[in-house]
2 protein chains.
Amino acid sequence: MTLNISSTEQNYIKAIYHLEQNGRPVNTNDLAAQLATTPASVTDMIKKLKQKKLINYKAYYGCTLTENGRKQSLLIIRRHRLWEYFLSKKLGFNWDAIHEIAEELEHVSNTELINKLDAFLGYPKVDPHGDPIPDANGNIATIEHAVLGGGTLGKRYVVAQIGSQLPAVLELLDQKHIKIGTIIEIKKRFDFDQSLEIKAGNKHITQISKELSQHILVKEHE
Amino acid sequence: MTLNISSTEQNYIKAIYHLEQNGRPVNTNDLAAQLATTPASVTDMIKKLKQKKLINYKAYYGCTLTENGRKQSLLIIRRHRLWEYFLSKKLGFNWDAIHEIAEELEHVSNTELINKLDAFLGYPKVDPHGDPIPDANGNIATIEHAVLGGGTLGKRYVVAQIGSQLPAVLELLDQKHIKIGTIIEIKKRFDFDQSLEIKAGNKHITQISKELSQHILVKEHE
DNA sequence: ATAATTATTTAGATTTGTCTAAATTTTTAT
DNA sequence: ATAAAAATTTAGACAAATCTAAATAATTAT
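Definitions and cut-offs
Residues numbered from 1 in each chain as written. Chains lettered and ligands numbered in written order. Predicted model: local features only at pLDDT ≥ 70, side-chain atom pairs only at ≥ 80, totals over all residues. Heavy atoms only, no water. Near = heavy atom within 4 Å. Polar contact = N/O pair within 3.5 Å; in protein donor to acceptor, adjacent residues only side chain to side chain. Helix = DSSP H or I, 4+ residues; strand = E, 2+ residues; numbered from the N terminus. Salt bridge = Lys/Arg side-chain N within 4 Å of Asp/Glu carboxyl O. Buried < 20%, exposed > 50% of the residue type's maximum accessible area, 1.4 Å probe, protein only. Pairing = 2+ DSSP bridges. Phe/Tyr/Trp six-rings, centres within 6.5 Å; stacked < 30°, edge-to-face > 60°. Axes fitted to C-alpha atoms, helices over the stretch in contact; angles between N-to-C directions. Parallel < 35°, antiparallel > 145°, perpendicular 65-115°, else oblique. Contact = heavy atoms within 4.5 Å. Nonpolar A, V, L, I, M, F, W, Y, C, P; charged D, E, K, R; others polar. Arc of directions from axis to C-beta.

**Q** Summarise the protein's contact with DNA strand C; cite the residues concerned and give the values.
**A** In the vicinity of DNA strand C lie 21 residues, with A:Ser6, A:Thr37, A:Ser41, A:Lys48 and B:Tyr57 positioned nearest. Sugar plus phosphate, as a fraction of atoms of DNA strand C within 4 Å of the protein: 73%. Residue A:Lys48 places a side-chain N or O atom 2.3 Å away from a phosphate oxygen belonging to DNA strand C. Within the residue set of the surface near DNA strand C, elements represented by two or more residues are helix H1 (7-20) and helix H3 (39-51) of chain A together with helix H2 (28-34) and helix H3 (39-51) of chain B.

Here you go:
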């Protein structure tokens, strides 16, 4: 029998998955902040997830996903990213709108639906933000991209991934014509605020703040 | 401000819409049967829907949709049928599987999503069962097709609509190679049980029961 | 018209997910 | 080491949607 995971429970384990990327067990307050709820509610839900063996949990310490919890999270992320790809590439949505809609679609958990959608889309490897799409077994490619902010003067990079889904970030990138695949050369770095002057797409020069430069993930060109 | 309608409430008004097609106000027991719940639960929910002005309701009498309730129902049905079309025509699902999946997808009620999906699909007029798809304003074409069971011997008909979403019905039709657009000629009618012998698709001869013949909706050929 | 049957509603309880306020534990600062 | 601050949990309550069992109303049959 397959374990039933409610939409709310799905949101929790997905949030735990993302927070776990920081390398530490996930604490109650951070989880509450991430899910825009109260610490008391988190404590309640954590008990239920532990009982379902989706997380390990020690009071006053924090929680981590179990092996099954991690797999379930990755299947949710798979659904989310495939729908994002569909919304962007097939329906023509701008990339700052797709996250919110995919948040709803991801909870429809019919396996055949998702696998047929994957096939229809041509088995994409990454979503429109450059994030890798887990396969049907919950395996995800671990791609370690460097942040543009840490790049070298004069070198050319290719934008591979965006480290944020915030519409505010994506809107700013749109305005600067930066997207996945854009070639960027770092022209100057200003010591005062660590802002960068870059040439984007072999064309225009623009300035980007330190904050923004840390959300642009790149690989070296050629 | 737009009224928020929960998934459960959506299921109720959709069921009321369908039961209302019989021409009578919808009573508690029929609604409970349709939704596989108890009459007591229906009474509770009916009060809430009345308060939201989605239905008219008189105790011990029955309920009908208000103008807004009817519009909301049709927008849900629009979502359902567009997703069915997508599942069938784009993802390649068999028509006996699409209803169940669309039951979940229909609750994602983002208007822009549905309108972009409609455009992507090429503004289809009917879903894979031949049921008309309401437009973005909740207007639905009223197509009155005849049931094959009432047809005339020797005449040729085109299958236009299937009056059931039951997988059992659709499976049977698949087996007999009957789908939307199939040309059918009534060869014989057996008085004993009102079953028919027909020629389907100008090819093979098959027998169909009275029950099945009443779920096949047709228009005249040519 | 009265009894029997059927349909509907009410009363009270349950589950899921949430909250506020108070209590407790842990960590940090002095 | 003790006090203050921060983090977490507990206690108790609430809303949505549901249920069972009992009560009430309407219909039908005699």
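Next comes the rest of the description.
**Q** So what about the pattern of salt bridges? Which residues, and what values?
**A** Residues and elements named next belong to chain B. Under the counting rule described, the total for this entry stands at 18 salt bridges over all chains. The shortest N-O distance in the salt bridge between Lys187 and Glu185 comes to 3.4 Å. By relative accessible area, Lys187 is classed as partly exposed at 34%. Here Glu185 falls in the buried class, since its relative accessible area comes to 18%.

**Q** Could you give me a rundown of the sheet that holds strand S5 (residues 183-190) of chain B, with the residues and numbers involved?
**A** Residue and element names in this part refer to chain B. One open sheet accounts for six strands, arranged S3-S8-S4-S5-S6-S7; its pairing is antiparallel. The open sheet is flanked by strand S3 (146-147) and strand S7 (204-208), the only strands paired with a single partner. For S5 and strand S6 (residues 195-200), the ladder comprises six bridges, and the chain directions are antiparallel. Counterpart to Arg189 in the pairing with S6 is Leu196.

**Q** Please provide a residue-by-residue account of the packing of aromatic side chains, values included.
**A** As enumerated under the stated definition, the model contains seven aromatic pairs over all chains in all. Centroid distance A:Trp83 to B:Trp83: 5.8 Å. Interplanar angle 75 degrees. Geometry classified as edge-to-face. Note that A:Trp83 is positioned in helix H4 (residues 67-89) and B:Trp83 in helix H4 (residues 67-90), a pairing that runs across two chains. Side by side, A:Trp83 and B:Trp83 carry an identical accessibility label, which is buried. A ring pair is formed by B:Trp83 and B:Phe86, whose centres lie 5.6 Å apart and whose planes are at 80 degrees; its orientation type is edge-to-face.

**Q** An account of the packing of H1(A) against H3(A) is needed here, citing residue identities and associated values.
**A** Residue and element names in this part refer to chain A. Interaxial distance between H1 and H3 falls to 11 Å at its minimum, and their mutual angle equals 95 degrees. Here H1 is positioned roughly perpendicular relative to H3, judged by the angle of their axes. For the pair formed by H1 and H3, the contact residues are Thr8, Glu9, Tyr12, Ile13 and Ile16 on the first element and Ser41, Val42, Met45, Lys48 and Leu49 on the second. Grouping the constituent residues of the contact of H1 with H3 by class yields six nonpolar, two polar and two charged.

**Q** Account for helix H7 (residues 167-175) of chain B, with residues named and values stated.
**A** Residues and elements named next belong to chain B. Inspection of H7 places Val169, Leu170 and Leu173 among the buried residues, and these make up the whole buried set. Angular distribution of buried residues about the axis of H7 spans 95 degrees; they occupy a single face of the element. Opposite the packed face of H7, turned more than 90 degrees from it, sit the exposed residues Ala168, Glu171 and Gln175. Buried residues along H7 sit in contact with strand S4 (156-162), helix H8 (210-213) and strand S8 (216-220). One or two positions beyond H7, positive phi appears at His177, with a value near 60 degrees.

**Q** Break down the protein's contact with DNA strand D for me, citing the residues and quoting the values.
**A** Taken together, 20 residues lie near DNA strand D, and A:Tyr57, B:Ser6, B:Thr37, B:Ser41 and B:Lys48 sit nearest. Looking at DNA strand D alone, sugar and phosphate atoms form 73% of those within 4 Å of the protein. Contacts to DNA strand D include A:Asn29, whose backbone N or O atom sits 2.8 Å from a phosphate oxygen. Elements supplying a minimum of two residues to the surface near DNA strand D: helix H2 (28-34) and H3 of chain A together with helix H1 (7-20) and H3 of chain B. Residues that form the surface near DNA strand D fall into these classes: eight nonpolar, nine polar and three charged.

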